[in-house]
Amino acid sequence: MKNYFQYSDYLKNIGQIKKSLKDDGFFVIRNFFSDEDIKKMILLCDDFCKESVGVPFVHDLIRYDKIRRYAFQKDLIKLMTLLIGNDDLYYFGDSTIHFEPNKRIFHTDARPEGFVEKYRNYPIFRVGIYLQDHFNHSGGLKLRKGSHNKMIYNKQNIKGLIKKKFKVHSIKSLFNIGRVVNLKSKTGDLAIWNIKVEHSGGAVIPK
């Protein structure tokens, strides 16, 4: 299935983008941001990271006027409205500037644990704006295709399965064996993935 689209023609492919998000749990739009916007965002992020004194800067970006205009620009809001619908579009104050890879542990951001496993349709999404080249360099994002439709294993839902509190959608949903994809994002790309998708930061590209 196609998971990568060009900004210049993404509107013509909105049906395919929706299918990619539904079936695989993610998609990427290449060159969503202009070179000029990228340069300005890099300068802003550099300033924020200097203030953080070596700790990844974790704050709600909508509070900062200078970066909000990029992180919540009209084209991005338009895209999310087409994907989700205007009446169901919410931002709940969870955004971060990352400049260090994590420990490369596969995980899911869906919370609370032991609750989200009951829902196959869970329309909450992460949006990633990439200011570095992870097509040729390590440090990007890896995802497990289709893992948003499968069981997330942790101590809470294992207890739920034992006590038969969770409804299993299918035998297949118990096995999280989707293919791992290195996103290989490029500077200026926009990635969107379901919050239930298993993923890992700090992907390694062999030298």
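Attention here is on the structure that accompanies the text. (Residues numbered from 1 in each chain as written. Predicted model: local features only at pLDDT ≥ 70, side-chain atom pairs only at ≥ 80, totals over all residues. Heavy atoms only, no water.)

**So, unusual backbone geometry**
Even without a glycine there, the phi angle at Asn-31 is positive, about 55 degrees. Within the secondary structure, Asn-31 is located in the loop between strand E2 (26-30) and helix H2 (35-51). Of note in the backbone geometry, Lys-184 takes a positive phi value of approximately 50 degrees without being a glycine. (Helix = DSSP H or I, 4+ residues; strand = E, 2+ residues; numbered from the N terminus.)

**Digging into the nonpolar core**
Of all hydrophobic cores here, the largest spans 27 residues; its most connected members are Ile-17, Phe-27, Phe-32, Leu-79, Leu-83 and Ile-192. Where this core is concerned, the elements lending two or more residues are helix H1 (14-23), E2, H2, helix H3 (65-71), helix H4 (74-84) and strand E6 (190-194). With six residues, the top contributor of residues to this core is H2. In terms of nonpolar packing, the next biggest core, distinct from the first, is built from ten residues, Tyr-130, Leu-141, Leu-143 and Ala-191 among them. (Core = buried A, V, L, I, M, F, W, Y, C linked by side-chain atoms within 4.5 Å. Buried < 20%, exposed > 50% of the residue type's maximum accessible area, 1.4 Å probe, protein only.)

**Notes on the environment of Met-80**
Following the sequence through the fold, Met-80 ends up in helix H4. Here Met-80 falls in the buried class, since its relative accessible area comes to 9%. In this structure, Met-80 is in contact with Gly-85, Leu-89, Phe-125, Val-127 and Ile-192, ignoring residues within four places of it in sequence. (Contact = heavy atoms within 4.5 Å.)

**With respect to the sheet that holds E6**
The four strands lie next to each other as E1-E2-E6-E3, forming an open sheet whose pairing is mixed. Here the strands that pair on one side only, and so sit at the sheet edges, are strand E1 (4-6) and strand E3 (125-129). For this sheet the average axis-to-axis angle between neighbouring strands, irrespective of direction, equals 20 degrees. Bridge count for E1 against E2 is three bridges, and the pairing is parallel. Note on E2: the bridge partner recorded for Gln-6 is Arg-30. Contacting E2, E3 and E6, H4 runs over the sheet at an angle of about 30 degrees to E6. (Pairing = 2+ DSSP bridges. Axes fitted to C-alpha atoms, helices over the stretch in contact; angles between N-to-C directions.)

**Things to note about the packing of H1 against H4**
Following both chains from N to C, one finds H1 and H4 inclined at 70 degrees, their axes separated by 10 Å at the closest point. If you check the angle between H1 and H4, you find them roughly perpendicular. The chirality of how H1 crosses H4 is right-handed. Residues Ile-14, Ile-17, Lys-18 and Leu-21 of H1 touch H4, and the partners they reach there are Leu-79, Leu-82 and Leu-83. Across the contact of H1 with H4, the residue classes tally to six nonpolar, no polar and one charged. (Parallel < 35°, antiparallel > 145°, perpendicular 65-115°, else oblique. Left-handed = near helix turned anticlockwise from the far one by under 90°. Nonpolar A, V, L, I, M, F, W, Y, C, P; charged D, E, K, R; others polar.)

**So, the sheet that holds strand E7 (residues 199-203)**
As summarised here, the arrangement of the three strands in space is E5-E4-E7, forming an open sheet in which the pairing is antiparallel. Two strands lie at the open edges of the sheet, namely strand E5 (180-182) and E7, each paired on one side alone. Strand-to-strand, the axes of this sheet are offset by a mean angle of 25 degrees, without reference to chain direction. As judged from the four bridges shared by strand E4 (residues 140-144) and E7, these two strands associate in the antiparallel manner. Pairing of Lys-142 across the sheet is with Ser-200, part of E7.

**A word on the pairing of E6**
Taken residue by residue, a regular strand's side chains alternate between the two faces of the sheet. Counting buried residues in E6 gives five out of five residues, a clear majority hidden from the surface. On E6, burial covers both faces: Leu-190, Ile-192 and Asn-194 on one face and Ala-191 and Trp-193 on the other are all buried. Where E2 lies against E6, four bridges are found, and the strand directions are antiparallel. Paired with Phe-27 across the two strands is Ile-192, which belongs to E6.

**As for H1**
The complete set of buried residues in H1 reads Ile-14, Ile-17, Ser-20 and Leu-21. End-on, the buried residues of H1 take up no more than an arc of 115 degrees, which puts them together on one face. Against the buried residues of H1 lie E1, E2, H4, E3 and E6. A positive phi of about 90 degrees marks Gly-25, the residue just after H1. (Arc of directions from axis to C-beta.)

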